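# Survey of secondary and tertiary structure
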Amino acid sequence: MPTVAAPPYVCDYIPLKAVELMTGERDPLVRGYIDLDRPDAGDGDCAIYQRGGDRVKVLQILLVPMGTEERVKDQLRNGASPLPTIAPGAIGYYGENSPAEQNSAHAMLVRGNAEILIKLEKGVEGRDNAADVVALMKLIAPKLITSADAPTPTPSAGKG
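What counts, and where the lines are drawn
Residues numbered from 1 in each chain as written. Predicted model: local features only at pLDDT ≥ 70, side-chain atom pairs only at ≥ 80, totals over all residues. Heavy atoms only, no water. Buried < 20%, exposed > 50% of the residue type's maximum accessible area, 1.4 Å probe, protein only. Helix = DSSP H or I, 4+ residues; strand = E, 2+ residues; numbered from the N terminus. Pairing = 2+ DSSP bridges. Salt bridge = Lys/Arg side-chain N within 4 Å of Asp/Glu carboxyl O. Core = buried A, V, L, I, M, F, W, Y, C linked by side-chain atoms within 4.5 Å. Contact = heavy atoms within 4.5 Å.

### Things to note about the pairing of strand 8 (residues 105-111)
- Within strand 8, six of the seven residues are buried, which leaves the element mostly enclosed by the surrounding structure.
- Pairing of strand 7 (residues 91-96) with strand 8 involves six bridges; the strand directions are antiparallel. What sits directly across from Gly95, in strand 8, is His106.
- Across seven bridges, the pairing between strand 8 and strand 9 (residues 114-120) is antiparallel. Within strand 9, the position partnered with Arg111 by the bridge is Ala114.
- Turn length for the strand 8-strand 9 hairpin, with the two strands adjacent in sequence and antiparallel, is two residues, and the turn residue Gly112 shows positive phi of about 60 degrees.

### Examining unusual backbone geometry
- A cis geometry characterises the amide bond from Pro7 onward to Pro8, with omega recorded as 5 degrees.
- Positionally, Pro8 belongs in the segment before strand 1 (9-10).
- Positive phi outside glycine occurs at Asp12, with the angle close to 70 degrees.
- Here Asp12 lies in the loop between strand 1 and strand 2 (14-15).
- What makes Asp12 exposed here is its relative accessible area of 59%.

### Focus on the pattern of salt bridges
- By the definition in use, this model includes six salt bridges.
- A salt bridge links Glu70 to Arg77; the nearest nitrogen and oxygen atoms lie 2.6 Å apart.
- The exposure class of Glu70 is partly exposed, given its relative accessible area of 43%.
- The structure contains a network of salt bridges with shared partners spanning Glu70, Asp74 and Arg77.

### Thoughts on the nonpolar core
- Ranked by internal contacts, the top residues of the largest apolar core, which has 34 residues, are Ile14, Leu59, Ile61 and Ile116.
- For this core, the elements supplying multiple residues, two or more each, are helix 1 (16-23), strand 4 (43-49), strand 5 (57-64), strand 8, strand 9 and helix 3 (129-148).
- No other element matches the 10 residues that helix 3 contributes to this core.
- Apart from residues lying up to four places away in sequence, Ile61 is in contact with Ile14, Ile34, Gly44, Asp45, Cys46, Ile48, Ile116, Leu117, Ile118, Leu136 and Ile140.
- The next biggest cluster of nonpolar side chains, apart from the first, holds eight residues, and it includes Leu62, Val64, Tyr93 and Leu117.

Quick look at the structure:
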């Protein structure tokens with residue numbers, strides 16, 4: 001996996017090289033957007049599909065303005081693995097999906113109201129798919145979650 005987020009991107013923020021390595025799809029079909037201009041938290045849904053055949057969804061990245069630390073803490077109490085520190089004040093977890101969903105993994109990171117969810121629905125056989133979702137989170141979260149939940153500057157009160 002790349003160690004730095006660099007163009008070309010899908011959905012403006014997701015490095016194409018990382019997507020291709022995680023999914024095994026070259027020049028995948030991409031649908032969706034990531035919008036960091038919401039005042040309370042970012043918003044977006046970026047879905048990546050196989051180009052051929054049934055055009056199966058292989059990866060989805062969601063940025064939603066309804067993150068709660070309690071949901072993450074519940075998953076951690078239930079045995080999910082904690083994400084390493086990625087952004088100040090953020091908490092997250094990751095894991096592999098059920099054995100029936102081979103080569104799939106997920107990760108969630110929450111900071112304030114912003115929540116990023118990565119769902120690798122069909123990873124590359126033989127790769128460490130859980131490590132791939134963690135690596136992708138490290139690449140995209142610093143930009144998405146810190147930009148999305150940054151407080152809006154307010155005018156300072158004048159003396160008087």
